[in-house]
Amino acid sequence: MKRRTGWQRLAALCGLSLSACLVACGGSHGGADAPPPEVDMSPVAAEPRSNGLPEHWDEGVFMQIFVRAYQDSNGDGVGDFKGLTSRLGYLKSLGISGIWLMPIHPSQDRDHGYAVTDYRAVAPEYGSLQDFQDFLQAAHAQGIGVVTDYVINHSAADHPAFLQAQSGADNPWRDWFVWQPSLPGGWSVYGSNPWHFHRSGYYFGGFWSQMPDFNLRNSAVTDWHHDNLRFWLNLGVDGFRFDAVGNLVENGPNAWEHQPENHRILRDVQTLVHSYPQRFMVCEAPSLPQRYAAPDSCGSAFAFGYQYALTSAVKGNTADLQTIADYWLTAPAGMVGFASNHDSFAGDRLADQLDGNLTRLKLAAATYLLQTPRPFIYYGEEIGLRGAASLTGDPRLRTPMSWTGDSTHAGFSTVRPFRALSANASSAHVAAQDADPDALLNFYRAIISLRNSLPALQRGRYQNPVIADLALAFERQHEGQSVLVAINHGPSATRLSLSGLPHSTRFVSRWPTEAAAPANELVSHADGTLSLDVPAHSLRVWQQVP
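What comes next concerns the included structure.

Rules of the game
- Residues numbered from 1 in each chain as written.
- Predicted model: local features only at pLDDT ≥ 70, side-chain atom pairs only at ≥ 80, totals over all residues.
- Heavy atoms only, no water.
- Helix = DSSP H or I, 4+ residues; strand = E, 2+ residues; numbered from the N terminus.
- Buried < 20%, exposed > 50% of the residue type's maximum accessible area, 1.4 Å probe, protein only.
- Contact = heavy atoms within 4.5 Å.
- Phe/Tyr/Trp six-rings, centres within 6.5 Å; stacked < 30°, edge-to-face > 60°.
- Lys NZ or Arg CZ within 6 Å of the ring centre and 35° of its normal.
- Pairing = 2+ DSSP bridges.
- Axes fitted to C-alpha atoms, helices over the stretch in contact; angles between N-to-C directions.

## So, the environment of L233
Stage number 1. Turning to its location among the elements, L233 is positioned in helix α7 (residues 219-235).
Stage number 2. The exposure class assigned to L233 is buried, which follows from its relative accessible area of 0%.
Stage number 3. With 180 residues separating them in the primary sequence, L233 and S413 have C-alpha atoms 31 Å apart.
Stage number 4. When near neighbours in sequence (up to four residues on either side) are disregarded, L233 contacts G239, F240, L272, V273, Y276 and R279.

## As for the packing of aromatic side chains
Stage number 1. Across all of its chains, the model carries 45 aromatic pairs by this definition.
Stage number 2. Plain terms: the ring middles of F240 and F242 are 5.8 Å apart, the flat faces sit at 50 degrees to each other, and that makes the pair tilted.
Stage number 3. For F240, a relative accessible area of 0% corresponds to the buried category.
Stage number 4. When its relative accessible area of 0% is taken as the criterion, F242 is described as buried.
Stage number 5. Connected via pairs of aromatic rings, a cluster forms that spans Y119, Y150, F162, W173, W176, F177, W179, Y203, F214, W224, F240 and F242.
Stage number 6. Lying across the ring of Y379, R349 places its NZ or CZ 4.8 Å from the centre.

## Observations concerning the environment of Y327
Stage number 1. By the secondary structure assignment, Y327 is in helix α11 (residues 318-330).
Stage number 2. The spacing of Y327 and Y306 is 21 residues in sequence and 7.3 Å in space, taken between C-alpha atoms.
Stage number 3. Once you skip the residues sitting within four places of it in the chain, Y327 turns out to touch Q290, A303, F304, Y306 and M335.

## With respect to the sheet that holds strand β6 (residues 201-204)
Stage number 1. Taken in spatial order, the three strands of this open sheet run β4-β6-β5, and their pairing is antiparallel. Edge positions in the open sheet fall to β4 (179-180) and β5 (195-198), since each of these has one partner strand only.
Stage number 2. In this sheet, β6 lies alongside β4 in antiparallel orientation, the contact comprising two bridges. Bridging across to β6, W179 finds its partner in Y203.

## Comments concerning unusual backbone geometry
Stage number 1. Note that the residue after W511, namely P512, is joined by a cis bond; omega there is 0 degrees.
Stage number 2. Topologically, P512 is positioned in the loop between β16 (506-511) and β17 (521-523).
Stage number 3. A positive phi angle is found at Q278, which is not glycine, with a value near 65 degrees.
Stage number 4. As for its position among the elements, Q278 is in the loop between α8 (260-274) and β8 (280-283).
Stage number 5. With a relative accessible area of 28%, Q278 lands in the partly exposed category.

## A few points about the sheet that holds strand β19 (residues 538-545)
Stage number 1. Pairing within the open sheet is antiparallel, and its six strands lie in the order β12-β13-β14-β19-β16-β17. Edge positions in the open sheet fall to β12 (461-468) and β17, since each of these has one partner strand only. Put simply, the sheet's adjacent strands are angled 25 degrees from each other on average, direction ignored.
Stage number 2. Bridge count for strand β14 (residues 481-488) against β19 is six bridges, and the pairing is antiparallel. Pairing of V485 across the sheet is with V541, part of β19.
Stage number 3. Against the sheet, α11 touches β12 and β13 (471-478), its axis set at about 165 degrees to β12.

## So, the side chain of S300
Stage number 1. Looking at the element boundaries, S300 is found in the loop between α9 (289-292) and β9 (301-302).
Stage number 2. Classification of S300 as buried rests on a relative accessible area of 3%.
Stage number 3. Discounting residues that sit within four places of it in the chain, S300 has contacts with F280, M281, V282, C283, Y292, A293, G334 and V336.

Given below as structure tokens:
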């Protein structure tokens, strides 16, 4: 049974929201009778139902989208839900089956969204809650699932609960956050002291003074987070990406990351999310992702570390080519791949890392889209978008999407965008690449289409990797179907020798599509071995046939 505070129990008996109950009962600011935060914090009952999406939708390709930077529909220079809805046809043409939205809630930062002020509302600049529901319905009609960011570790300092907690040690919201009466010693989190002064004591905020950490040892806090998740699941959201899960609980200055309690908290969340049919969740834990991908934790996590080795291998590092060849042999089933994202610590935009080299961009995309489970594309990656030349840090990576060659608005808005455009916005844009068969955009479309057409590439077991020089080959196998993939990142043709394949089996070419006989067919030997000749800077894919 879910535990409730006394006020929550009284609210339920009265048939009121928690806020209405406390106001009606005469709560006052500060002290034991403090009124609740001025946001909805009432209990939410589960309403599990199917989302109607295709089976295995969550094993396809995802697109990570920053709503603020994707498409402005109302001419205020800020992206919004209606603008995003208008681009669903484009996303469908790309072949994705899932969308991850960076935080959509009202936030103190009024930009990236990770300082949340209301967990059951949407940022007003993005539109109304109805606009979001309309977007969700339209995405589902296209067979696309929607995963939203959820910030479980901390709130905004402007969150009403934290504003109440500041009033004193006797405030009922005090224990929702982590406080000490005096400054603790010996602490350093990411190079900074995580304890911040307020006149009533010191509070813990590991990432920023304006993002105080929740006290996740308090069952009332975790119960409330569960209610928030049910709120969005009941609306039809298809799952969540959980931010900063390595930092949920701290046990001292030398034990502030990856504590055992984190996994219990996430296991309970996973149970909740998966009680709704066809839902998915994934976690961010950059320094220990494989532990959080385990079934007794989050169950899925981003493969941090892989993306660094990927770009290094594409640029010619043979040691890192071996790293990515071996990575998926031991990675838990819940690991998901990516090449870049919204955080600068994860690397620059892919086009910046590879200096805009079209051949390398294509081969990098082919590698991670065909090698990894549930690959996540960062918006704009598919057109080779670079960061903004005039910006640094994370904002450099979070620029408006480039739809046209308009050097002022890039087709993103009809007015000056909220942020500087990408450095190559006027040359790398959808309009220029849409009809060009050799463009990066159409390469992404073709590779994703190939992946979607072969179950072995979507959810097959990864096995038999081999490298020679700068060439990599591997097998994906699913329910008796085997697919061979060979990618040569080097400037010279390379021969690869594979073993452990199905014996005396015929394979036909699936990429390139124009391959002619005899290059379009391979036959493994009776001992399951096979030699592949892979041209320089090329991709080859073969499918097992009867």
